[in-house]
Amino acid sequence: MARKKKEEVNNTNPLADNVHIQGAGTVKDENIISTLKSNYMPYAMSVILSRAIPEIDGFKPSHRKLLYTMYLMNLLQGKTIKSANIVGRTMQLNPHGDASIYETMIRLSRGNESLLYPYIESKGNFGKAYSRNMMYAASRYTEAKLAPISKELFDDINKNTVDFVDNYDNTMKEPTLLPVTFPSILANVTTGIAVGMASSIASFNLGELCETTIALIKNPDHDVSETLLAPDFVGGGYIIFDKEELDKIYSTGRGSVKVRAKYKYDKSYNCIDITEIPPTTTSEAIIDKVVELVKSNKVKELSDIRDETDLKGLRITLDLKRGTDPDALMTKLYKLTPLEDVFSCNFNVLIKGTPKVLGVKDILNEWIEFRVECVRRKTQFTLDKKSQRLHLLEGLKKILLDIDKAIKIIRETESEADVVPNLMIGFGIDKLQAEYVAEIKLRHLNREYILKRTEDIENLKKDIEALLAILQSKNKQKKIIIKELTEVSAKYSGPRKSEILYEFEEFDASSVTEIPDYPVTLFITKEGYLNKIRTANLRMSGEQKVKEGDSVLKTFECSNKDEILAFTDKAQVYKARVDDFADSKASQLGTFVASKLEMESNEKVIYICVVQEYKGYMIFGFENGKIAKVDISAYQTKTNRKKLLKAYSAKSPLSCIEYIKEDTELVLCSSSGRMLILNTGALASKTTKDTIGVSVMTQKKNSILESMHYYREGEFEKSWRFRTKNLPAAGAVPSAADNTDQISF
């Protein structure tokens, strides 16, 4: 029974059957182009004009509505308030959900670190732009207020500088643009995707931006690249300088900027700390890519990677395997991971309601034109107000001639409506002046009050004259803008966050081959020949062959992956890998080092050492008795340079040189026959390669420091004679009981 009643009810509904809907079920042939024009194009234009593309003031409508709401809430002063309160009030202007409004606030805040010059001061967890996992807290937990720089967005907004329109329900007014006093359009990164077009604007240093704008105002032909060096991002990093690409961005508004992460190497923990990354990536994306490379054996130098980001800021730590070159590894990771990324520029801006892709110079010129109009409108507004005030005061001045007459006219007028006309007739003033006089309180109808009010007449005339001069002169309007830009730069600009890298090393994957790691033995001769023989083949080799009159000076057992440092008599050092020298046999002379390393024609090798890790010290002994202790890391280079100048001091003749892996005891020998035992730990190491050293062994007249060698236990019968607590010292002459046969290096 119930089912039957339900069916009867449905049958009585005129919408229950398509027959009752007019036009339902019929098929119409329509041109798809006209359908798109009538249905899709209005939506597309709404997205372009009202959502995704910024205007010349640097803001999208959602940004502008939020900031203006905060301005109306007097959040330029005072303490922060709950974000939920701000979001709710913004909905009076922005008819969208609270989530989208709050996300807009998050991006504009200082805590999120999205903008180079944030407009909102934040309190609480606002997330981090460089981490997708560090999400922001709900709006009921966070607080916000306007940042001091936001004052420059609303300066003179109530003086008719910009147009106001009704909000979506016609209950209040909102500005179409903000009268910004600096080119905010280029001060912060702005990205947006509309329908059929997009916008991606890089941020620039405010000081450079203001300087460039001032230069353009003074000289329209100014080359912006002279003052605007490169984009500057809130996350820092290195900007890879490419003049051709930057000029393209400056002139056309399209191009790309390469940004590299910034890192530092911690020797004590043998790890790399990455502290600044490109603005287009996140720490998680970098870690995921590095882990992928390690798993695929494309990167073998890492033992661990972890995210150590905390309240102090971003930090990604890479633990290195022993013997890894950190700079070479980072050059490789720059190529293979988002540690080096590209910021694509597409300077698409709404200019008077029309989207245009403009270069930096054109955008600044458009902003200057916009700001000139703001200054003109503000000046006109101020002029109108002062002229109106002057007009009223001039009417009041006429009353000063006969206050009693004015009182008599008002007292004797029977009808209230006749007071103003009677005053107009009695004093020859117009309706506005008469109404102003009529509204004066009885207590103010005295000579003192009227004199005080009329004292401003002369000042008002001067002000009006100055305002008229500004309106009639574009140069004066531009001078006002220059003054404003100078003040903004002084208040808010700071040093660049993104360092410009003019010289850099690119990773060439095709040129990188894995250096085979196997033990070798190096034979160095007095004449400067180097012969490399695999240690495994050494037993089968005969005696090492040398030129007539030559002899083997040193023998090294090392790895094929180690590095060679060859010091010359020109105070220079040449670097090479052991792998650079071909494997040889004992029956061959080997390779002439000077030719292999492309030394100067009159340059001779005086010392060669092999370095596995850049740990230890170079000890230089000079004829004047001074010893220089240089940290071997001073010879480590980020690039593959083969030649280093000023390898040691040339101010005094060099007598001996040695590489020690750790502090030890050396015996210094003077030409006078004296000897001195030196513990190198008593000397402070230097990072300056050409340091002159410190006096260690005092020399008698006509004597010099001749040589040095490792001290061996039992070399002296009474070793205490050759040791001293204080330096410099003269040393002692060996006795007949001492074994003075020197041990060569």
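Per chain, the residues get numbers from 1 upward, laid out in the order the sequence is written. In keeping with the model being predicted, local features are shown solely for residues with a pLDDT of at least 70 and side-chain atom pairs are shown and tallied solely at 80 or more, while totals for entire chains, interfaces and linings include all residues. Hydrogens and waters are ignored; side-chain quantities use all the structure's heavy atoms.

**Thoughts on the side chain of D562**
Okay, so step 1: Secondary structure elements follow DSSP: runs of H or I of four or more residues count as helices, runs of E of two or more count as strands, with numbering from the N terminus. Tracing the backbone shows D562 in the loop between strand 20 (552-559) and strand 21 (563-568).
Okay, so step 2: Buried D562, no salt bridge; nearest opposite-charge side chain is K661, N-O distance 7.3 Å.
Okay, so step 3: By the criterion applied in these results, polar contacts are pairs of N or O atoms within 3.5 Å in which, for protein atoms, one can donate a hydrogen and the other can accept it, and in which residues neighboring in sequence qualify only through two side-chain atoms. Polar side-chain contacts of D562 include one of 3.0 Å to the backbone nitrogen of S559.
Okay, so step 4: Residues in contact with D562, not counting those within four places in the same chain, are R577, V578, V610, V611 and Q612. Remark: exposure states derive from per-residue accessible area (1.4 Å probe, protein chains only) relative to the maximum for the residue type, with buried under 20%, exposed over 50%, and partly exposed in between. Under this rule, positive means Lys or Arg and negative means Asp or Glu; His and the chain ends count for nothing. One speaks of a salt bridge when a side-chain nitrogen belonging to Lys or Arg is within 4 Å of a carboxyl oxygen belonging to Asp or Glu. Pairs of residues are marked as contacts when any of their non-hydrogen atoms sit within 4.5 Å.

**Notes on unusual backbone geometry**
Okay, so step 1: Note that the residue after L727, namely P728, is joined by a cis bond; omega there is 0 degrees.
Okay, so step 2: If you trace the backbone, P728 turns up in the segment after strand 32 (705-710).
Okay, so step 3: If you check the backbone angles, E598 has positive phi at about 55 degrees while not being a glycine.
Okay, so step 4: Relative to the helices and strands, E598 is located in the loop between helix 19 (593-596) and strand 24 (605-611).
Okay, so step 5: Its relative accessible area of 69% is what places E598 among the exposed residues.
Okay, so step 6: Although it is not a glycine, K646 sits at a positive phi angle of roughly 50 degrees.
Okay, so step 7: Here K646 falls in the exposed class, since its relative accessible area comes to 57%.

**Describing the confidence of the model for the chain**
Okay, so step 1: For every residue, the pLDDT score states the predictor's confidence, bounded by 0 at the bottom and 100 at the top. Mean pLDDT over the chain works out to 87, with 92% of the residues at or above the 70 mark.
Okay, so step 2: Contacts from residues 1-18, a stretch scored under 50 in pLDDT, to residues over four places away or in other chains number four contacts.

**Observations regarding the sheet that holds strand 29 (residues 665-670)**
Okay, so step 1: Taken in spatial order, the three strands line up as 30-29-32 in an open sheet, and their pairing is antiparallel. Of all the strands in the sheet, just strand 30 (675-679) and strand 32 have a single pairing partner and so form its edges. Each adjacent strand pair in this sheet contributes to an overall mean axis angle of 25 degrees, direction not counted.
Okay, so step 2: In the sheet, strand 29 pairs with strand 30 via five bridges, with the strands oriented antiparallel. In this scheme, strands are said to pair when DSSP sees at least two bridges between them. An axis is simply a line fitted to the C-alpha atoms; with a helix, the fit covers only the stretch in contact. Between two such axes, the angle follows the N-to-C directions and lies from 0 to 180 degrees.

**Topic: the packing of aromatic side chains**
Okay, so step 1: Any two of the Phe, Tyr and Trp rings considered here, Trp counted by its six-membered ring, make a pair once their centres fall within 6.5 Å; the pair's planes then place it as stacked at under 30 degrees, edge-to-face at over 60, or tilted in between. Counting across every chain of the model gives 16 aromatic pairs.
Okay, so step 2: Look at F567 and Y607: their rings are 6.3 Å apart centre to centre, the planes differ by 50 degrees, and that puts the pair in the tilted class. Taken together, the residues span a long stretch of sequence, with F567 in strand 21 and Y607 in strand 24 at a distance of 40 residues.
Okay, so step 3: Taking relative accessible area as the criterion, F567 reaches 0% and is therefore assigned buried.
Okay, so step 4: By relative accessible area, which is 6% here, Y607 ends up buried.

**Let's talk about the pattern of salt bridges**
Okay, so step 1: The tally for this structure, following the rule as stated, stands at 35 salt bridges.
Okay, so step 2: Between D288 and R132 there is a salt bridge, with its nearest N and O atoms 2.7 Å apart. Of this pair, D288 sits in helix 9 (residues 283-295) while R132 sits in the loop between strand 2 (120-123) and strand 3 (143-146); the two residues are 156 residues apart in sequence, bridging distant segments of the chain.
Okay, so step 3: Here D288 falls in the partly exposed class, since its relative accessible area comes to 43%.
Okay, so step 4: Classification of R132 by relative accessible area gives partly exposed; the value is 44%.
Okay, so step 5: Beyond isolated ion pairs, a larger network of salt bridges with shared partners links D304, R306, E308, R315 and D319.

**Some points on helix 9**
Okay, so step 1: Helix span, expected: 1.5 Å multiplied by one less than the number of residues in the helix. Taking 1.5 Å per residue as the helical rise, helix 9 with its 13 residues ought to reach 18 Å, and the 18 Å between its terminal C-alpha atoms agrees with that figure.
Okay, so step 2: Among all positions in helix 9, only S283, E284, I286, I287, V290 and L293 are buried.
Okay, so step 3: Buried residues in helix 9 make contact with strand 12 (302-307), strand 13 (316-320) and helix 10 (326-336).

**Examining the nonpolar core**
Okay, so step 1: Residues L186 and F347 are the most contacted members of the largest nonpolar core, which totals 79 residues.
Okay, so step 2: Per element, the largest residue contribution to this core is nine residues, and it comes from helix 11 (residues 360-400).
Okay, so step 3: For our purposes a nonpolar core is just a set of buried Ala, Val, Leu, Ile, Met, Phe, Trp, Tyr and Cys residues, chained together by side-chain atoms within 4.5 Å. Core analysis: the next-biggest nonpolar cluster, separate from the first, contains 23 residues, V419, I429, Y449 and I450 among them.

**Here's the deal with the packing of helix 11 against helix 16 (residues 456-472)**
Okay, so step 1: Two elements in contact, helix 11 and helix 16, have axes whose closest approach is 9 Å; the angle formed by their N-to-C orientations is 155 degrees. Classed by the angle they form, the pair helix 11 and helix 16 counts as roughly antiparallel. As for how helix 11 packs across helix 16, the hand of that crossing is left-handed. Here R376, T379, Q380, T382, L383, K386, S387, R389, L390, L393, E394 and K397 of helix 11 come into contact with helix 16, specifically with D456, I457, L460, K461, D463, I464, L467, L468, I470 and L471.
Okay, so step 2: Of the residues that constitute the contact of helix 11 with helix 16, the class distribution is ten nonpolar, four polar and eight charged. For classification, angles of less than 35 degrees are called roughly parallel, those exceeding 145 degrees roughly antiparallel, those between 65 and 115 degrees roughly perpendicular, and all remaining angles oblique. In a left-handed crossing the near helix is turned counterclockwise from the far helix by less than a right angle, and in a right-handed crossing that turn is clockwise. Under the scheme applied here, ten amino acids are nonpolar (Ala, Val, Leu, Ile, Met, Phe, Trp, Tyr, Cys and Pro), four are charged (Asp, Glu, Lys and Arg), and all others, including Gly, are polar.

**Brief notes about the environment of N531**
Okay, so step 1: Turning to its location among the elements, N531 is positioned in strand 19 (residues 529-534).
Okay, so step 2: Using a relative accessible area of 2% as the deciding quantity, one classes N531 as buried.
Okay, so step 3: For N531 and R132, which are 399 residues apart along the polypeptide, the C-alpha to C-alpha distance reads 56 Å.
Okay, so step 4: Beyond its immediate chain neighbours, meaning those up to four positions away, N531 contacts T521, L522, F523, Q544, S584, K585, A586, Q588, L589 and G590.
Okay, so step 5: Separated by 3.0 Å, the side chain of N531 and the backbone oxygen of Q588 make a polar contact.

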